[in-house]
Every structure is written in structure tokens, then in C-alpha cells.
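Spelled out from the first residue to the last, the chains are:
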Amino acid sequence: MTVSVANKMIQNRAGLTDLGRLALAFIDGGSEWLDWAISNAGPRYDFPDESTLVEQVQQGLHATRLALLPTMKLMVSPVKLMTLGVDSLRTLADAESGNASATVSAQVKRILADHNLMTQDDFAAGTSFLDGLGVSGAPVFQFMGFDEQLAVQELLYRKESQGTANPELQKEAAAFAVDQARTVQEFADYYQFYLIYVNRLGALTATPDDRKKRTAGALETILPQLFGFLECPQVGPLAAPAEVARAVTNWQKRGRVIGFARLSDGALQVVRDTAFKDETGDAVRVLVTGYLAAAQAMLSATPPQRGIMGQDGASCLFPVFGKGNQAEIQMGSAGVISLRCFRPDPPAAATAA
């Protein structure tokens, strides 16, 4: 017997909890690996918990975090699957085994929606979205992995993307974003930046060239103010919420700021979450530093407590609420902790303006 979980020897598959056993079964060869490891007289395999077991088995067998559930056209981390609960996993297993009844199909649809799990069909909608914007052939989209497809697909659900109900303006925004972006994630940021800024200025009656010029000028004004706010704390894989909170607290105790995941995301937050309009020079610096200072104060008073794991089983979003304000901390797949948004209550926003 050479497998242990939390210092408990595993003698057969029944030694795992129902949740761990079901999650392991979604890994191609996962259950068979466990049988082999238990009977193998070679090296020991010791895991601190079942989440680590399924994560390392998935990575070890397939060199990727994502397990493929071909019947449902779903790629998802088995660690993420463990957050769904036993009943949901049994339903997904039933569907994956070929049960296409109306009842099971409806249950699967609800489970996927409740946990923001995206299938091949969902990602196809993102591709169609790019086609409709006329930019799908742009070089920035030549390598579209899971993270890149997710960044595009998420645009379909953001009010910044659809709020104008103006297809021509959306095409303008997409063309602007393609010119500015060097990654797909940057495209998503700059696309939203354009729509938000144009609508804030009330510039819908201006010419496309005027809108592009004014938005490019705003971006050029904001970006240099963000260079000092791109460093962030980092934690290891499968970090618990308490560990993330400690990392945030320790980082701030050293006098450092929980900054932005990338330059474009910082620009998007400034135009979306502050009163920025056409400020320049010191006024922009004061606005950016004030925004970040308010966000840091909130995070110091209200550390992140509970996260929502991403489909990849590695990224995690931590909503934070306090005194009328709300923020989101993002832990990326590499463990980097950054500010995703900070929205002060209306009186604070008015004062900042």
C-alpha cells in the first residue's frame, strides 16, 4: 500500500470520499492509476488532501490541468469539479456516460450555468462574436488557448460590450482594440475601454476618427501613470483563501500596493471605476493614486475570505465587500494576486470627482 491522503493509507478506491472518487473518475486513466499505485511496491505517493491528489494525477497523466468530458464538450479541472458537490458530479457522470434524457440534460445545463462552466459551444459563440466584429483574422488571435477563448467569451456577458446596442460602435471598438493589443486579454480590455470612454464622453455624434483620437489620447494619458502599480504578491498552487488573505496582508505591511495584473487591465479599471473623463498631468496621477489608495484601505480592513474557483482549477476570484464599497481580488493561474476591480459607494465617487 503506497498511497496516502492526509496521512491515511488508501487501500482501494473506496478509501477516497465519494467526492474524490467521482472527480478522479473524470480523469482519463485516473481510477486505473490509483489501482496501479496502490498495488505498486515502488515509490510512495503521499498527498496532503484529495484536491492535490486529483490535480497531480491529472497533470501527471496528461500534462494539463483540464480534463476532457467529450460527451458534454467540456474541458474542466477535476479540482474545480470537486467544488460542485457530490450530487452534481453524479449528474455530470450520468450525462457523460450517455444519458441524454430531458431531465438529465436540464440538470446539466443548470449545473454548468450555476458554476460558470464553458463548453465548446459556448466558446464557439465567442468566435462568432469576433467574426461579427470583423476582427477574427487579426494576428492577435492566431493562438487561442483556454485563457484566450475565455477572455473573448466573457465579453458576451459584460454590459460594457453590449450596452450601446450599436454594432458600428462595437466594430470601432474592436478595430481600436486590435491596434492596441498584443494579447487576447489586452484586446478584451481595450475593447471595453473604448466603449466605456466613448459613452462617458457622449461622443456618439462625433466622427469615428474623432472618437478614436480622443480615446487614444486618454489611453496615452493613463498608461504611464500605471507603471509603478504592476507588482503583485504571489502564492503557490491551490492556495486556500486564508493563504491569499495572508499574502495580501503581508504585502501591504511592507508598504506595497496590490496592483494590476497587466497594464491594459489597469487602464480599464481607471476608466470604468473612477470619474476619469479628460484629465491630464497631475490630475490623472492624483486620480489613479486615490483609486488605488481607497482600494488598499478597503482590503486592509476587509481581507478576502471566500473565493470562486475558475474552470481551470487554478485561478480564483475573491469578492470583497465593506462599508458600501466592493472590490474583487483575482488570483491568476500562476498564483499572482491582483486587483480586478474596486467600486466605491456613490458618495465616495462623487467626492473623488
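In what follows, the accompanying structure is described. Just so it is clear, the model here is predicted, and its values are computed rather than measured.

**A word on the overall build of the protein**
(1) Moving on: Within the protein one finds 16 helices and nine strands.
(2) Moving on: The C-alpha radius of gyration computed for the protein amounts to 23 Å, which stays within 12% of the reference 20 Å derived for 353 residues, consistent with globular compactness.
(3) Moving on: Counting only C-alpha atoms, the protein reaches 70 × 45 × 35 Å along its principal axes.
(4) Moving on: The buried share of the protein, taken over its 353 residues, is 46%.
(5) Moving on: In the protein, the share of contacts with a sequence separation of at least 24, taken over all contacts with a separation of at least 6, comes to 63%.
(6) Moving on: Accessible area for the protein stands at about 17100 Å²; split by element, carbon and sulfur atoms hold 53% of it.
(7) Moving on: Across the protein, 31 positive and 37 negative side-chain charges occur, with their mean positions spaced 5 Å apart.

**Looking at the sheet that holds strand β9 (residues 337-343)**
(1) Moving on: Ordered by their spatial adjacency, four strands build an open sheet running β6-β7-β8-β9, and the pairing between neighbours is antiparallel. One side of each edge strand has no neighbouring strand; the edge strands of this open sheet are β6 (308-309) and β9.
(2) Moving on: Seen against the sheet, helix α15 (residues 282-301) touches β7 (316-322), β8 (325-331) and β9 and runs at an angle of roughly 105 degrees to β9.

**Observations concerning the side chain of T2**
(1) Moving on: In this structure, T2 sits in the segment before β1 (3-5).
(2) Moving on: Residue classification places T2 among the buried positions, given a relative accessible area of 8%.
(3) Moving on: At a separation of 3.3 Å, a polar atom in the side chain of T2 contacts the main-chain carbonyl oxygen of N40.
(4) Moving on: Apart from the residues lying within four places of it in its own chain, the contact partners of T2 are M9, A37, I38, N40, G42, P43, R44 and Y45.

**Observations regarding the pattern of salt bridges**
(1) Moving on: This structure, assessed with the given rule, holds 15 salt bridges.
(2) Moving on: Two residues, R13 and D35, come together in a salt bridge whose shortest N-O distance is 2.5 Å. On the criterion of sequence distance, the pair formed by R13 in the loop between β2 (8-9) and α1 (18-25) and D35 in helix α2 (residues 30-39) is long-range, its members being 22 residues apart.
(3) Moving on: On the accessibility criterion, R13 (33% relative accessible area) is partly exposed.
(4) Moving on: Judged by its relative accessible area of 31%, D35 falls in the partly exposed class.
(5) Moving on: Across the pair R256 and E231 runs a salt bridge whose closest N-O atoms are separated by 2.9 Å.

Definitions and limits used
Residues numbered from 1 in each chain as written. Predicted model: local features only at pLDDT ≥ 70, side-chain atom pairs only at ≥ 80, totals over all residues. Heavy atoms only, no water. Helix = DSSP H or I, 4+ residues; strand = E, 2+ residues; numbered from the N terminus. Rg over C-alpha atoms; globule rule 2.2 N^0.38 Å. Buried < 20%, exposed > 50% of the residue type's maximum accessible area, 1.4 Å probe, protein only. Contact = heavy atoms within 4.5 Å. Areas by Shrake-Rupley, 256 points an atom, 1.4 Å probe, with all protein chains shown as cover. Lys, Arg positive; Asp, Glu negative; His and termini not counted. Charge placed at Lys NZ, Arg CZ, Asp CG, Glu CD. Pairing = 2+ DSSP bridges. Axes fitted to C-alpha atoms, helices over the stretch in contact; angles between N-to-C directions. Polar contact = N/O pair within 3.5 Å; in protein donor to acceptor, adjacent residues only side chain to side chain. Salt bridge = Lys/Arg side-chain N within 4 Å of Asp/Glu carboxyl O.

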